[in-house]
Amino acid sequence: MRLTLAEPSYLKESISIISDLVNEARFKVNQNAIELVAMDPANVAMVIFKLLSSAFTEYDVKKDTEIAINLSNLKQVLRRASPKDMLTIEFDADNSLKIQLKSSTTRTFSLPIIELEEKEQKVPDLKFPITIKTSSSILNEAIADADVVGESVTFIAEPKKFTLHAEGDLNQAKIEIKEDDYTKIDVDVDEKVRAKYSIEYLKKMINGSKLSDDVVIQFNKDYPLKLEYKTVDKVMLSFILAPRVEND
């Protein structure tokens, strides 16, 4: 297995974002992509990652391979990659992952392959009545506003409008995003639906904006939320977040 990236930022940013949620993970490397599906330790959030073979300048995979690795170690190595570096990944016979960064100098790092006991994660088959497409920056700003007052935020979707509402002990924040000539948003929903989610997790997930200018938001009442960031023919990073169910 030998893979070379001329644009290391796709892998570097993805691993930086994923490692905020997941400590250790198993990558599957096949003819089409490097893939990862992992749950956070609290079983509240799932990460789905795919870096397509078309993002690489060299993609030599003789057979499907699984590699489990400590993500914080991988993140530290990838931090050393600059935009000018050619990044090459090889799977060594001595059971280590070799990462080479090459520009004016050649730097090589070896990371140990680890054993992961947990079972393989399956992506749940979720059906959503709501799809909202908007710019990543609009969602980022809305979550930052909600974070000022509360620990959770309620998403409310209705035809042509998406609202985020957060409450603290004394204060509230309400962010309304409407379909109009000035706002980049498309709300596909037939009736009003609301659901509540953790801001702490959302703050980590919206870093997917480093990979894409756009985000697709899907949810339902008392149902998981899905955020998807995608750069065509390069990378896809999705998150699934469990809801905070209202007791009243």
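Refer to the preceding data block for the structure.
So, a few notes on the structure that sits alongside this text. (Residues numbered from 1 in each chain as written. Predicted model: local features only at pLDDT ≥ 70, side-chain atom pairs only at ≥ 80, totals over all residues. Heavy atoms only, no water.)

### Topic: the pattern of salt bridges
Argument step 1. Under the criterion given, the structure shown has 19 salt bridges.
Argument step 2. The salt bridge involving E90 is made with R2; its shortest N-O contact spans 3.4 Å. Taken together, the residues E90 in strand β7 (residues 86-91) and R2 in strand β1 (residues 2-5) connect sequence positions 88 residues apart.
Argument step 3. A relative accessible area of 21% places E90 in the partly exposed class.
Argument step 4. A residue is classified by how much of its surface remains accessible, and R2, at 30% relative accessible area, is partly exposed.
Argument step 5. For K226, the salt bridge goes to E228, with nearest N and O atoms at 3.9 Å. (Salt bridge = Lys/Arg side-chain N within 4 Å of Asp/Glu carboxyl O. Helix = DSSP H or I, 4+ residues; strand = E, 2+ residues; numbered from the N terminus. Buried < 20%, exposed > 50% of the residue type's maximum accessible area, 1.4 Å probe, protein only.)

### Remarks on the pairing of strand β16 (residues 214-218)
Residues in a regular strand project their side chains so that they alternate between the two faces of the sheet.
Argument step 1. Pairing geometry for strand β10 (residues 131-135) and β16, over four bridges, is antiparallel. Within β16, the position partnered with S135 by the bridge is D214.
Argument step 2. Note: β16 against strand β17 (residues 225-231), three bridges, orientation antiparallel. Directly across from I217, in β17, lies its bridge partner L227. (Pairing = 2+ DSSP bridges.)

### Description of the nonpolar core
Argument step 1. Formed by 75 residues in total, the largest nonpolar core has its most connected members in L51, F155, F162, I217, F219 and L227.
Argument step 2. With five residues, the top contributor of residues to this core is helix α1 (residues 9-18).
Argument step 3. Ignoring any residue separated from it by four or fewer positions in sequence, one finds F155 in contact with I143, F162, T163, L164, V193, R194, A195, Y197, L202, I217, F219 and L225. (Core = buried A, V, L, I, M, F, W, Y, C linked by side-chain atoms within 4.5 Å. Contact = heavy atoms within 4.5 Å.)

### Points about the sheet that holds β7
Argument step 1. Overall, antiparallel pairing links the five strands, which are arranged β5-β1-β7-β8-β9 in an open sheet. Lying at the two open borders of the sheet, with one neighbouring strand each, are β5 (58-60) and β9 (106-112). Mean inter-strand twist for the sheet, computed between neighbouring axes without regard to direction, equals 15°.
Argument step 2. Judged from the three bridges that link them, β1 and β5 form a sheet pairing that is antiparallel. Bridging from a neighbouring strand, L3 pairs with Y59 of β5. (Axes fitted to C-alpha atoms, helices over the stretch in contact; angles between N-to-C directions.)

### Some words on α1
Argument step 1. Looking at α1, one finds that the buried residues are Y10, L11, S14, I15, I17 and I18. In a view along the axis of α1, the buried residues occupy a sector of 160°, so they form one face of it. (Arc of directions from axis to C-beta.)

### Some words on the pairing of strand β3 (residues 33-39)
Argument step 1. Summarising the sheet, strand β2 (residues 24-29) and β3 pair through three bridges and their orientation is antiparallel. For K28, the partnering residue across the bridge sits in β3 and is E35.
Argument step 2. In this sheet, strand β4 (residues 45-52) lies alongside β3 in antiparallel orientation, the contact comprising seven bridges. By the bridge assignment, V37 is partnered in β4 with I48.

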